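Chain by chain, the residues run as shown.
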Amino acid sequence: MEQQAWDIRLVALDLDGTLFTDQKTITPRTLAALTAALGQGVEVVPATGRPAAGLPATLLALPGLRYALTSNGARVWDLAQNAPVAEFLMQKPQAEAALRVLEGYDCVTDLFIEGRRISIASQLTRMERIISPAMLAYMRATRTEVEDIYGYLAASPALPEKVSVVFAGDAQRAEAWRRLESLGLGLVLSSSLDKNLEINAPGVTKGKGLCALARHLGLAKHQLMACGDSGNDLAMLEAAGLAVAMGNAEPGIRAAAAYVTATNEEDGVAKAVERFVLGRQAPCLAKRQASKPAVR
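About the cut-offs
Residues numbered from 1 in each chain as written. Predicted model: local features only at pLDDT ≥ 70, side-chain atom pairs only at ≥ 80, totals over all residues. Heavy atoms only, no water. Salt bridge = Lys/Arg side-chain N within 4 Å of Asp/Glu carboxyl O. Helix = DSSP H or I, 4+ residues; strand = E, 2+ residues; numbered from the N terminus. Phe/Tyr/Trp six-rings, centres within 6.5 Å; stacked < 30°, edge-to-face > 60°. Buried < 20%, exposed > 50% of the residue type's maximum accessible area, 1.4 Å probe, protein only. Lys NZ or Arg CZ within 6 Å of the ring centre and 35° of its normal. Polar contact = N/O pair within 3.5 Å; in protein donor to acceptor, adjacent residues only side chain to side chain. Contact = heavy atoms within 4.5 Å. Axes fitted to C-alpha atoms, helices over the stretch in contact; angles between N-to-C directions. Left-handed = near helix turned anticlockwise from the far one by under 90°. Nonpolar A, V, L, I, M, F, W, Y, C, P; charged D, E, K, R; others polar. pLDDT = per-residue confidence, 0-100. Pairing = 2+ DSSP bridges.

Moving on, we get to the pattern of salt bridges. Throughout the structure, instances matching the rule amount to 14 salt bridges. The partner of Arg 100 in a salt bridge is Glu 96, and the shortest N-O contact between them spans 3.2 Å. Of this pair, Arg 100 and Glu 96 both sit in helix H4 (residues 92-102), 4 residues apart, which is roughly one turn of the helix. A salt bridge links Asp 170 to Arg 173, with the shortest nitrogen-to-oxygen separation between them at 3.6 Å. Pair noted here: Asp 170 and Arg 173 are both in helix H8 (residues 170-182), with a separation of 3 residues, about one helical turn.

Right, let's talk about the packing of aromatic side chains for a bit. Scanning the entire structure with this criterion turns up 2 aromatic pairs. When the centroid spacing of 5.8 Å and the interplanar angle of 85 degrees are considered together, the rings of Tyr 105 and Phe 167 count as edge-to-face. Taken together, the positions of Tyr 105 in the loop between H4 and strand E6 (107-113) and Phe 167 in strand E9 (residues 160-167) put the pair 62 residues apart, joining distant regions of the chain. On the basis of relative accessible area, Tyr 105 is assigned to the buried category, the value being 7%. Owing to a relative accessible area of 0%, Phe 167 belongs among the buried residues under this scheme. Centre to centre, the rings of Tyr 259 and Phe 276 are 5.0 Å apart; their planes meet at 55 degrees, and the pair counts as tilted. Separated by 17 residues along the polypeptide, Tyr 259 in strand E14 (residues 259-260) and Phe 276 in helix H12 (residues 268-276) bring together distant segments of the chain. One residue, Arg 100, lies across the ring of Tyr 150, its end atom 3.6 Å from the ring centre. Note that Lys 208 overlies the ring of Phe 88, its terminal NZ or CZ placed 4.8 Å from the centroid.

Within the secondary structure, Asn 196 is located in strand E11 (residues 196-200). A polar atom in the side chain of Asn 196 sits 3.3 Å from the backbone oxygen of Val 165. Residue contacts for Asn 196: discarding those within four places in its chain leaves Ser 164, Val 165, Val 166, Arg 173, Ser 190 and Ser 191.

So, about the packing of H4 against H8. Interaxial distance between H4 and H8 falls to 10 Å at its minimum, and their mutual angle equals 145 degrees. Crossing hand, H4 versus H8: right-handed. Contacts between H4 and H8 involve Ala 98, Val 101 and Leu 102 from the first element and Ala 176, Arg 179 and Leu 180 from the second. Of the residues in the contact of H4 with H8, the class split is 5 nonpolar, no polar and 1 charged.

Another point: the confidence of the model for the protein. Taken over all residues, the pLDDT of the protein has a mean of 89, while the share at 70 or more is 89%. Counting interchain partners and residues more than four positions distant, the pLDDT-below-50 stretch residues 289-296 has 17 contacts.

A separate point is the pairing of E9. The buried fraction of E9 amounts to 8 of the 8 residues, a majority that puts the element mostly inside the structure. Of the pairings in the sheet, the one linking E6 to E9 comprises 7 bridges and is antiparallel in character. Considered in E9, the bridge of Cys 107 is made with Phe 167. Note: E9 against E11, 4 bridges, orientation antiparallel. Considered in E11, the bridge of Val 165 is made with Leu 197.

Structural data, given as structure tokens:
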């Protein structure tokens, strides 16, 4: 498809492994591209597994940034109004059942609720051993520690958004994944990071959140662009008219995308936004069909 055929009015961006470098920073080139897109009236939307409290100040400071998909689409936030556009939350028995399955594993488990990360205090000694150094500072800064997560869940007036886990090893994650599937609750299981498992309510994905926001804004599928790198981004890429995988993306994500851009360490998001939103030529590899020309 020729450049002039695109009419992208919303760009949904995964954070970890996509917008962020491996050190959890946003490069000057990427910030400049996002600022330019916002200046043209294009919605730039963080679409993350993180809760609202995990959105970085650097991103929130961008002039014109108004919406965010958080907790894998469980909440779609209007940041200007500090209110949800849409919510797709877990029922408390679903969250409790998932938490019970995770007992006994060598892991760090968090409950996302009311835009915050609620952590089990007794597990925090495991963090430095299990969590990667790049994620450790973020996770420490955004968590609220509780001794009794079941008591907290029962007493909260709010419904949970998501349960998030990081395991010490892949074998434990695989076993827990199978056990969660065997519950028969229809929970959506996905992964965004190494040894990570994310648990959402039935049918809840970043794609569901993106579609809800598009309806709210009156946008059609062909006006949506999404960039991602991991399993919890798949439904979002499928919901967008223009699906862009990062150069560092998992094979399944690359296969689902129309285009593959550079890696998160090589300004991949900036190059995709420059090419498809700002109309500048930038390195971005066409991917699926041999007839598609490479974007240079």
